[in-house]
Amino acid sequence: LEVLRNDEVLTTHARRGGSLLELGSGHGLCGLACSFLSKWENVVLTDKDMRLVELIAWNCEMNQTVLAAATTLPHQLCARQLVWGHEDAMHGLKAEFGGFDAVLVVGCTYSKSLLPSLMKTIAAMLRNEESTA
């Protein structure tokens, strides 16, 4: 958590009320931690496995009240299913949130074969050239 709190890129975008996307969220711990340590306008946690998306949504719901009390900006914390490289899903998510200022990817794959679709998804989800992964 200390690393996330002291990351200059994440905190810069968070202070401006930016949007954060986490790919391959699993249970959602890292994305949830970022939402508590920062003032994001939107934090969207994603996974391809719908069972995990349901678990992430439950974790988000359980933490929403505490999160609302800990932040000063309007704050949306939610879970969405996203399969990397799937054009329709990426377009829909970007249209819903207007793109993202930062993309968080933490230990979500150990397969080299998935890297091209992961990189394609990161590039498609970022809002502009000032954004970062």
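Further up the page is the structure itself.
Residues numbered from 1 in each chain as written. Predicted model: local features only at pLDDT ≥ 70, side-chain atom pairs only at ≥ 80, totals over all residues. Heavy atoms only, no water.

1. A few points about the pattern of salt bridges
Taken as a whole, this structure holds four salt bridges when the rule is applied. Ionic pairing is found between Arg 80 and Glu 96, a salt bridge with its closest N-O pair at 2.5 Å. Of this pair, Arg 80 sits in strand β3 (residues 76–81) while Glu 96 sits in helix α5 (residues 87–97), and the two are 16 residues apart along the sequence. By relative accessible area, which is 25% here, Arg 80 ends up partly exposed. A relative accessible area of 43% places Glu 96 in the partly exposed class. (Salt bridge = Lys/Arg side-chain N within 4 Å of Asp/Glu carboxyl O. Helix = DSSP H or I, 4+ residues; strand = E, 2+ residues; numbered from the N terminus. Buried < 20%, exposed > 50% of the residue type's maximum accessible area, 1.4 Å probe, protein only.)

2. Quick notes on the pairing of strand β2 (residues 42–47)
Looking along a regular strand, one sees the side chains alternate between the two faces of the sheet. Where burial is concerned, most of β2 is hidden: six out of the six residues are buried. Alignment of strand β1 (residues 19–23) against β2, held across four bridges, turns out to be parallel. Residue pairing for β2: Ser 19 is matched across the bridge by Asn 42. Bridge analysis of β2 against β3 gives six bridges, and the strand direction is parallel. Looking at β3, one finds that Thr 46 is bridged to Arg 80. (Pairing = 2+ DSSP bridges.)

3. Examining helix α6 (residues 115–125)
Within the span of α6, buried status applies to Leu 118, Thr 121, Ile 122 and Met 125. Along the axis of α6, the buried residues cluster in a sector spanning 100 degrees; they form a single face. Counted as exposed and oriented over 90 degrees from the buried face of α6: Pro 116, Met 119 and Ala 123. Structurally, α6 contributes buried residues whose contacts are with β1, α5 and β4 (102–105). (Arc of directions from axis to C-beta. Contact = heavy atoms within 4.5 Å.)

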